[in-house]
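Chain by chain, the residues:
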Amino acid sequence: MSKNFKKEDFFHIMEVHGIVLSDIQKKQFADYAEMLIEWNQKMNLTAITDVDEIYEKHFLDSVLPSFDVKLEGSFCDVGAGAGFPSIPLKIVYPELKITIVETLGKRITFLEVLCEKLKLKDVTCVHARAEDYAKEYREYFDIVSARAVANLTMLSELCIPLVREHGIFLALKGANALEEYDKAKKAIALLGCKELQRDEKRLSDGSCRINFVFEKVKPTPKKYPRAFAQIKKNPL
């Protein structure tokens, strides 16, 4: 990916991967970027407020994993913040059934207004903590994903219990990914997953993105996830 990324580069990269976006989808991305910038003046949604950067570091970054793994069915995004990766994926793959689990009420408000503005169907925004939500929706989703929420050990305990058997846990990670993975391997196996693949990409500034795909090969032991304070204090 070239330096000085422009939003047109996003559409070009999509086309290289066989994804041609309609005018409606392009407008959805444009409206998303505009709303992100506008709402960011009232609440802290993102540190990235330049339109071209939004297209690369939020939109492209969210869609990257789909170049390497087919994403279909029910998709749960844990701690989505301003909607990443789930909303860009929903725009590109409208048939995905999205559930967003987010702890901050203000962000839920933003996401609900956003989905209405973009006319997105089959997106459910849930104001809850992932470890509480897992009590009711244990082993329910085809795909569970998280981006920039916590280190991989903590993330695994929050996400893997929500993944159905033979479903996937998709972890979007940056520069410290391999170090995090070494520390998280034991937890990932204990929680019922094994690594299926990892895909490394570079953004135009040279920063590294490593996306891990883990398959759920056996049920998660009933005692996980624990309360968040325990997850934080005594990581697996």
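The preceding data block contains the structure.
Residues numbered from 1 in each chain as written. Predicted model: local features only at pLDDT ≥ 70, side-chain atom pairs only at ≥ 80, totals over all residues. Heavy atoms only, no water.

**Quick word on the environment of Val51**
Inference 1: Mapped onto the secondary structure, Val51 falls in helix α3 (residues 51-63).
Inference 2: The exposure class assigned to Val51 is partly exposed, which follows from its relative accessible area of 33%.
Inference 3: Not counting chain neighbours up to four residues away, the residues in contact with Val51 comprise Lys7 and Ile37. (Helix = DSSP H or I, 4+ residues; strand = E, 2+ residues; numbered from the N terminus. Buried < 20%, exposed > 50% of the residue type's maximum accessible area, 1.4 Å probe, protein only. Contact = heavy atoms within 4.5 Å.)

**A few points about helix α7 (residues 152-159)**
Inference 1: Taken across its eight residues, α7 has eight buried, putting it largely inside the fold.
Inference 2: Listed as buried for α7 are Leu152, Thr153, Met154, Leu155, Ser156, Glu157, Leu158 and Cys159.
Inference 3: Put simply, Asn151 is the residue that caps the front of α7, since its side-chain oxygen is 3.1 Å from the backbone nitrogen of Thr153. (Polar contact = N/O pair within 3.5 Å; in protein donor to acceptor, adjacent residues only side chain to side chain.)

**As for unusual backbone geometry**
Backbone phi values are negative for most residues with the exception of glycine, while trans is the configuration of most peptide bonds.
Inference 1: For the peptide bond that leads from Phe84 to Pro85, omega is 5°, which places it in the cis range.
Inference 2: Following Tyr224, the chain continues to Pro225 via a peptide bond in cis, the omega torsion being 0°.
Inference 3: Looking at the secondary structure, you find Pro225 in the loop between β7 (208-216) and α9 (228-233).
Inference 4: One non-glycine residue, Asp122, adopts positive backbone phi at about 60°.
Inference 5: Assignment of secondary structure puts Asp122 in the loop between α5 (105-117) and β3 (123-127).
Inference 6: Residue Glu139 is not a glycine yet carries a positive backbone phi of 50°.
Inference 7: As for its placement among the helices and strands, Glu139 is situated in the loop between α6 (130-136) and β4 (141-147).
Inference 8: In this structure Glu139 comes out as partly exposed when scored by relative accessible area, which is 25%.

**Overview of α5**
Inference 1: Compared with an ideal rise of 1.5 Å per residue, which puts 13 residues at 18 Å, α5 spans 18 Å between its outermost C-alpha atoms and is within 8% of the ideal.
Inference 2: Those residues of α5 that sit buried are Ile108, Phe110, Leu111, Leu114 and Cys115. All buried residues of α5 project into a common sector of 160° when viewed along the axis, lining one side. Turned more than 90 degrees off the buried face of α5, the exposed positions are Lys106 and Glu116.
Inference 3: Against the buried residues of α5 lie α2 (23-40), α4 (86-92), β2 (97-102) and β3.
Inference 4: Lys119 sits one or two residues past α5 and shows a positive phi near 55°. (Expected span 1.5 Å × (residues − 1). Arc of directions from axis to C-beta.)

**Some remarks on the packing of α2 against α3**
Inference 1: Two numbers describe how α2 lies on α3: the axes approach to 10 Å, and their chain directions differ by 105°. The angle between α2 and α3 places the two elements in the roughly perpendicular class. Contact residues: α2 offers Lys26, Phe29, Ala30, Tyr32, Ala33, Leu36 and Ile37, while α3 offers Val51, Ile54, Tyr55, His58 and Phe59.
Inference 2: Across the contact of α2 with α3, the residue classes tally to 10 nonpolar, one polar and one charged. (Axes fitted to C-alpha atoms, helices over the stretch in contact; angles between N-to-C directions. Parallel < 35°, antiparallel > 145°, perpendicular 65-115°, else oblique. Nonpolar A, V, L, I, M, F, W, Y, C, P; charged D, E, K, R; others polar.)

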